[in-house]
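# Observations on the three-dimensional arrangement
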Amino acid sequence: MVLKAFAPPTELNSFQSSLLFSTDKIISLTYTKKFVGTGNFTLILPVKELFIEKLIENVLLNVDNDWFVVNNIKRDEKQIELSGTDLNGWLDLRITVFGKTQVSGAEGYDVVKGTTGECINHYMMNNAISPTDKNRKLPRLIIKQTAQGKKDDSYMARLQLLSEVVGNLCKNATIGYEISADVENNQFLFKTIVGTDRSVEQNNRPYVIFSPTYGNLLSATYERGNSDLLNAIYATGAGVTQTVYRNNNKAAGVLRRETAIDVSVSTIADIEDYTLNQVSGNIANNSYELDVSAINDFEVRYFLGDYVTVADPKTGKHWTAQIEETTLTKSATETKRTLTIGDAKTKLLNKIQNSANLTINSNASKTQNVAEHLTDLITGNEGGYLAIHEDEKGRPFELLIMDNEDYRLAQNIWRWNKQGWGHSGNGYDGPYTLGATMDGAIVADLITAGTLKGIEIIAEKGKIAGWTIKGNTLVSNDGTFTIDSANNCITVNDANNIPLMKIGTDGIKYIRSGIEIGSIGITKGAESETYGITFNLKDGDAMTWSVYDKSQKVYVNKLRYTESEGLNVSNNFTCNQLFGHDVTDIDLGNGLHAWGYSE
């Protein structure tokens, strides 16, 4: 490791002019880097007079291309311990102030709408890069790269830490950010970045799978918790206060975790979106900490923010999630890297669409029982109550059909109003799991039917004929067989759900440990312009054609090709022509033969 120390940056100095010293006398370094948020480090050096004089707060450090800001120095007679943040920590130094132009009804807030990237850039420009008060400017910082994130995003900030605002917007859109140094151009670069899907759930690039089976995982620790979770938010906006729930799940009792916020909205309909955006970081923890063995694979095969797959060492189940942070520990005797993998694909969504679990049962007796039960209910055999609710002016606004004459005590309710109709089995306040809204959307948790004709089933999850629906993919009960309609692909997995073979429009691919070793195709490989079948060896040791020997109960190679040995043929080899010429058998006597051809 090589350390370079630089004086605190200003608008006028440069990396060259501010270099304080360089040394390779490093005892140890521990650095935690995050996809979203501020990383932290601890660097230990031996006690030297030069270090004691030069190392103060806000000094910049560069260790093997990682950049740090010194916040604290601790020294004894043997060593100096430096600690602080990476460059992302600069965003902890600023809050979001509001300008002279204010949004009506949101005075004191800085309100912005646009793509996620545009919203983030707005707060960065106003509070760090080009603020009205030039004393607030972070020196030599520019916006280098912008990820779009959500197409339609929004945020209202009031004297929040800039890191908190940028972090919330990033988490809600599942993107990340970082500040790095461009020494050549004497700048610091702010980027918003997007992770790449390298999990087993995609087919476009080699998989990254962490498992003891593949020798790339030393240990794994699973953790879950709810210390930061908020799931019942009392949001005030547009003159009303509304309770917003995550995923439409009305938490109750000890599971309910409340807070209150203000949101800048012009209509009541926008309250939920704005609210969930602002509390996007207040989620339950659900993560793995992995101690990986292939240390140098980081930032080569995978990066922060990428989606990867973990094969749980105990359960054997697959778990796909995003790399949220990594910790590097280096010393003269040890180099170690750990990854924190969080379930970001699910927990950071600000909306989870209602899904339909469609059960199609052809059993005639079951369908008949449902029909008889429905008939009994509608014809009044089991009783029922009807009520019309009126507003303060005596105008009807809602129709209720219930199992109790008092709607507050009713358990099963049909509720009709100008927004739509729905059924609740949990009282007047719902949730309403069956119904239709005024804009034509239908919500249903269960449909029981004998025959459905002329329909298209679209479901994000559920089951059909024993197959599990996962978006555009059908998965067999044991997970060894999947059909992906979006990518026109059939996948065969092993018992641990690791892909072994993929069948698609370009042929059959054979896979081991996430790497394609070969394929059989129609117009692939060296004969890409020729009509026929090709056998391609991509990442394997040998290609063989074998015959099963029934007496020995083994496969025997008859034709074998390797790069080192070339082509080997067992038993008899017959060739009638060579290079377009007839082959001649020459009897040399004594049982010896030679073959050749003549021009």
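Residues numbered from 1 in each chain as written. Predicted model: local features only at pLDDT ≥ 70, side-chain atom pairs only at ≥ 80, totals over all residues. Heavy atoms only, no water.

### Some points on the overall build of the chain
Heads up, the condition is: Secondary structure elements are taken from DSSP: a helix is a run of H or I of four residues or more, a strand is a run of E of two residues or more, and numbering for both begins at the N terminus. Classification of residues uses two cut-offs on accessible area relative to the type maximum, computed with a 1.4 Å probe and protein chains only: under 20% is buried, over 50% is exposed, and between them is partly exposed. Contacts: residue pairs with any heavy atoms within 4.5 Å of one another. Shrake-Rupley sampling with a 1.4 Å probe provides the accessible areas, and residues are treated as covered by the protein chains on show and by no other component.
For the chain, the helix and strand inventory stands at 6 helices and 45 strands. Each of the 599 residues in the chain was classed as buried or not, and the buried ones make up 37%. Within the chain, contacts between residues separated by at least 24 positions form 49% of all contacts whose residues are at least 6 apart in sequence. Counting every atom, the chain has about 35,000 Å² of accessible surface; 50% of that belongs to carbon and sulfur.

### Description of the side chain of arginine 94
We apply this condition: The convention is simple: Lys and Arg are positive, Asp and Glu are negative, and His and the chain ends are not counted. Here, a salt bridge means any Lys or Arg side-chain nitrogen found within 4 Å of an Asp or Glu carboxyl oxygen. In protein, a polar contact means a hydrogen-donor-capable atom and an acceptor-capable atom, both N or O and within 3.5 Å, with residues adjacent in sequence counting only if both atoms are side-chain atoms; elsewhere, any N or O pair within 3.5 Å suffices.
Checked against the element boundaries, arginine 94 lands in the loop between β7 (79-86) and β8 (110-114). Of the buried charged residues, arginine 94 lacks a salt bridge, with aspartate 133 as the closest side chain of opposite charge at 8.7 Å. Among the polar contacts listed, one links the side chain of arginine 94 to the backbone oxygen of arginine 136, at a separation of 2.6 Å. Beyond its immediate stretch of four places on either side in the chain, arginine 94 contacts Asn127, Asn135, Arg136, Lys137, Leu138, Gln160, Leu161 and Leu162.

### A word on a nonpolar patch on the surface
To keep it simple, the criterion reads: Nonpolar side chains (Val, Leu, Ile, Met, Phe, Trp, Tyr) are joined into patches within 5 Å and like charges within 9 Å, using only residues with over 30% relative accessible area and no salt bridge.
Where nonpolar side chains cluster on the molecular surface, the patch consists of Leu386, Ile388, Ile401, Trp414, Trp416, Trp421 and Leu434 and spans about 640 Å² of accessible area. Secondary-structure elements contributing two or more residues to the nonpolar patch are β23 (385-390) and β25 (413-417). Within the element layout of this structure, tryptophan 414 appears in strand β25. Judged by its relative accessible area of 30%, tryptophan 414 is partly exposed.

### Observations regarding unusual backbone geometry
One non-glycine residue, aspartate 64, adopts positive backbone phi at about 50°. Relative to the helices and strands, aspartate 64 is located in the loop between β5 (60-63) and β6 (66-75). What makes aspartate 64 partly exposed here is its relative accessible area of 38%. The backbone of asparagine 186 sits at a positive phi, close to 55°, despite the residue not being glycine. Note that asparagine 186 resides in the loop between β11 (176-182) and β12 (187-193).

### Quick word on the nonpolar core
Stated precisely, the cut-off is as follows: What is meant by a nonpolar core is a set of buried Ala, Val, Leu, Ile, Met, Phe, Trp, Tyr and Cys residues, joined one to another through side-chain atoms within 4.5 Å.
Among the nonpolar cores identified, the biggest contains 51 residues, and Met124 and Ile341 are the most heavily contacted of them. Judged by nonpolar contacts, the second largest core, of 18 residues, contains Leu29, Leu43, Leu61 and Phe68.

### What about the sheet that holds strand β17 (residues 258-262)?
Rules: Two strands pair under a simple rule: DSSP has to find at least two bridges between them. To get an axis, fit a line to the C-alpha atoms, keeping to the stretch in contact for a helix; angles then go from 0 to 180 degrees between the N-to-C directions.
Read from one edge of the open sheet, 3 strands run β16-β15-β17, paired in mixed fashion. The open sheet has two free edges, formed respectively by β16 (240-245) and β17, since each of these has just one partner strand. Between one strand axis and the next, the sheet turns through 25° on average, direction left out of account. Across the sheet, helix α4 (residues 271-278) is in contact with β15 (232-237), β16 and β17; its angle to β16 comes to roughly 60°.

### Let's talk about the sheet that holds β12
Read from one edge to the other, the open sheet built from 3 strands follows the order β9-β12-β11, with strand pairing classed as mixed. In this open sheet, the two edge strands, each paired with only one partner strand, are β9 (141-145) and β11. Averaged over all neighbouring strand pairs, the angle between strand axes comes to 30°, with direction disregarded. Where β9 lies against β12, 4 bridges are found, and the strand directions are parallel.

So far we have only geometry, and geometry alone does not tell us how the molecule works.
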